[in-house]
Amino acid sequence: MAIAMNAATDSVGNSALIKHKFSRDGLLALALALLVLVLLVAAIAIPAVLLHRYYDDRLFSMNKKIATFDRANAQRASLLEKREELRSQDSRKYYLKAATPALASAELQDAVKAIIEGAVGQGQVQNTQVAAPKDDGLVRNVSANFIFQTSMPNVRKILYAIETAQPYLLVDNLTLRATVGSNHKSNPGQEPMVFVQFDVAGVGLVNTAPAASAAVPSGANVNANTATGNIATPSAASVTALQVVPNGKPAALTAPAAPAKHSVGVKP
C-alpha cells in the first residue's frame, strides 16, 4: 500500500515537472517569436518612416522655392519698369569714359586737377601719384593720390565738387597739414594756406568687346603675287595716334600719308 502511494506521488510530481518545463519552453518560444516579429516590423517601419520624412522635407523645400519664385515672378513687371527707367537715365555717365587703364587714369587726373586748380579750388597741385588700376569683373577701379595747397574754405568746396561731380569720384585718406603755427594771426579776409593730401577713386567700365583684327587696316587693299612679290599698299592711309603734351592732355596726331605703291621683286 505504501509502495503504491509512493508510486502515485512520484507520477504526480513527474507530471507537474514536465508541465512546468513545457510551460517555460513555451514562454521562451513565444518571447522569441514576439522578438522576431518586432524586429521584422522595425525593419519595415523604420525605413518607411525615414523615407517619408525625407520626402516631406524635400516637398517642404520645393514648396518654399516655388513660393519664392512666385513672389519674384510677381515683381517681374515692376523690375522691368525699373530697368527701363535706369536705362533711360543713362547710367554710363557715372563711369569714366576712357576704355583703357592709361586713359582712365589720365581722365581721372584731368577731372580732379580741373576742380583743384580751377575757380572752385583755387589751389595748386604739387604732386600726383597714380595707382595701378584694378579690374573687378565688368568694372575697373582707378585711383590717384593728390597733394596740393589751398585755403581751408576752398578745401570744403573742393571736396563737395569732387563728390558731386560726374562721373562719380570718391575721396579717401584725407590729410590736412597747416602751413602756419597755432599762434598765427592772419589778416582780416585772408585765410592761411593748408597742405592737403587725399586719394580720389573712380570707376570705369571694362571694354569686353573683342579686339579688332590687326592683320589688315580698314580700307587697305593688299594683293600678294607669289611670282613677282608685288605688294600694293593704300595710297592715302592715315594713322591716328595719341601725343602727350606737357599739360597732360592727349592730342590727335595724324601721320603723313604712305606712298602709293611699293614693288618688291622676288627672284626664284
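Predicted model only: the values in this text are computed from it and were never measured. (Residues numbered from 1 in each chain as written. Predicted model: local features only at pLDDT ≥ 70, side-chain atom pairs only at ≥ 80, totals over all residues. Heavy atoms only, no water.)

Draft legend 1. Here's a closer look at the overall build of the protein chain. A tally of regular secondary structure across the protein chain gives four helices and seven strands. Put simply, of all contacts in the protein chain between residues at least 6 apart along the chain, 64% involve residues at least 24 apart. With the model as given, the accessible surface of the protein chain reaches about 20300 Å², and the carbon-plus-sulfur share is 61%. (Helix = DSSP H or I, 4+ residues; strand = E, 2+ residues; numbered from the N terminus. Contact = heavy atoms within 4.5 Å. Areas by Shrake-Rupley, 256 points an atom, 1.4 Å probe, with all protein chains shown as cover.)

Draft legend 2. Representation of unusual backbone geometry in the model. Of the consecutive residues Gln 166 and Pro 167, the connecting peptide bond is found in the cis state with omega at 5°. As for its placement among the helices and strands, Pro 167 is situated in the loop between α4 (152-163) and β4 (169-178). Residue Gln 122 is not a glycine yet carries a positive backbone phi of 50°. The residue Gln 122 is located in the loop between α3 (101-117) and β1 (124-130) in this model. What makes Gln 122 exposed here is its relative accessible area of 54%. For Asn 173, which is not a glycine, the phi torsion comes out positive at approximately 55°. In this structure, Asn 173 sits in strand β4. (Buried < 20%, exposed > 50% of the residue type's maximum accessible area, 1.4 Å probe, protein only.)

Draft legend 3. A look at the packing of α3 against α4. At a minimum axis separation of 9 Å, α3 and α4 run at an interaxial angle of 150°. For the pair α3 and α4, the crossing hand works out as right-handed. Contact residues: Val 112, Ile 115 and Ile 116 in α3; Ile 158, Ala 161 and Ile 162 in α4. The residue inventory of the contact of α3 with α4, partitioned by class, reads six nonpolar, no polar and no charged. (Axes fitted to C-alpha atoms, helices over the stretch in contact; angles between N-to-C directions. Left-handed = near helix turned anticlockwise from the far one by under 90°. Nonpolar A, V, L, I, M, F, W, Y, C, P; charged D, E, K, R; others polar.)

Draft legend 4. Representation of the nonpolar core within the structure. In terms of nonpolar packing, the biggest core is built from 23 residues, with Val 112, Phe 148, Ile 162, Phe 198 and Val 200 touching the most fellow members. Going through the elements one at a time, α3, β3 (139-151), α4, β4 and β5 (193-205) are the ones with two or more residues in this core. Ignoring sequence-local partners within four residues, the contact set of Ile 162 consists of Val 112, Ile 115, Leu 169, Val 171, Phe 198 and Val 200. (Core = buried A, V, L, I, M, F, W, Y, C linked by side-chain atoms within 4.5 Å.)

Draft legend 5. Region of the structure containing the packing of aromatic side chains. The final tally for this structure, using the stated rule, is four aromatic pairs. For the ring pair Tyr 54 and Tyr 55, a centre distance of 5.3 Å and an interplane angle of 70° mean the geometry is edge-to-face. Here Tyr 55 falls in the partly exposed class, since its relative accessible area comes to 47%. Among the aromatic residues, ring-to-ring pairing joins Phe 146, Phe 148 and Phe 198 into one connected group. (Phe/Tyr/Trp six-rings, centres within 6.5 Å; stacked < 30°, edge-to-face > 60°.)

Draft legend 6. View of the side chain of Gln 109. Following the sequence through the fold, Gln 109 ends up in helix α3. Those residues in contact with Gln 109 that lie beyond four places of it in its chain are Thr 128, Val 130 and Phe 146.

Draft legend 7. Spatial organisation of the pattern of salt bridges. The tally for this structure, following the rule as stated, stands at three salt bridges. Its salt-bridge partner being Arg 83, residue Glu 84 comes within 3.7 Å of it at the nearest N-O pair. Given a relative accessible area of 41%, Glu 84 falls into the partly exposed group. Looking at Arg 83, the relative accessible area reads 40%, which means it is partly exposed. The closest approach of N and O atoms between Arg 87 and Glu 84, which form a salt bridge, is 3.6 Å. Here Glu 84 and Arg 87 lie together in helix α2 (residues 76-88), a separation of three residues that amounts to about one turn. According to the relative accessible area criterion, Arg 87 is exposed, its value standing at 55%. Where salt bridges share partners, they join Arg 83, Glu 84 and Arg 87 into one cluster. (Salt bridge = Lys/Arg side-chain N within 4 Å of Asp/Glu carboxyl O.)

Draft legend 8. Focus on a nonpolar patch on the surface. There is a patch of nonpolar side chains on the surface, built from Leu 27, Leu 30, Leu 34, Leu 37 and Val 41 and spanning about 490 Å² of accessible area. Checked against the element boundaries, Val 41 lands in helix α1 (residues 2-74). (Patch = residues over 30% accessible without salt bridge, like charges linked within 9 Å, V, L, I, M, F, W, Y side chains within 5 Å.)

Draft legend 9. The arrangement of the confidence of the model for the protein chain in detail. Scored by pLDDT, the protein chain has a mean of 75; 69% of the residues are at 70 or more. When pLDDT is averaged over each helix and strand of the protein chain, the minimum, 37, is found for strand β6 (residues 240-244) and the maximum, 93, for β3. Here residues 210-268 is a poorly scored stretch, pLDDT under 50, and it has 52 contacts once near neighbours within four places are set aside; other chains count. (pLDDT = per-residue confidence, 0-100.)

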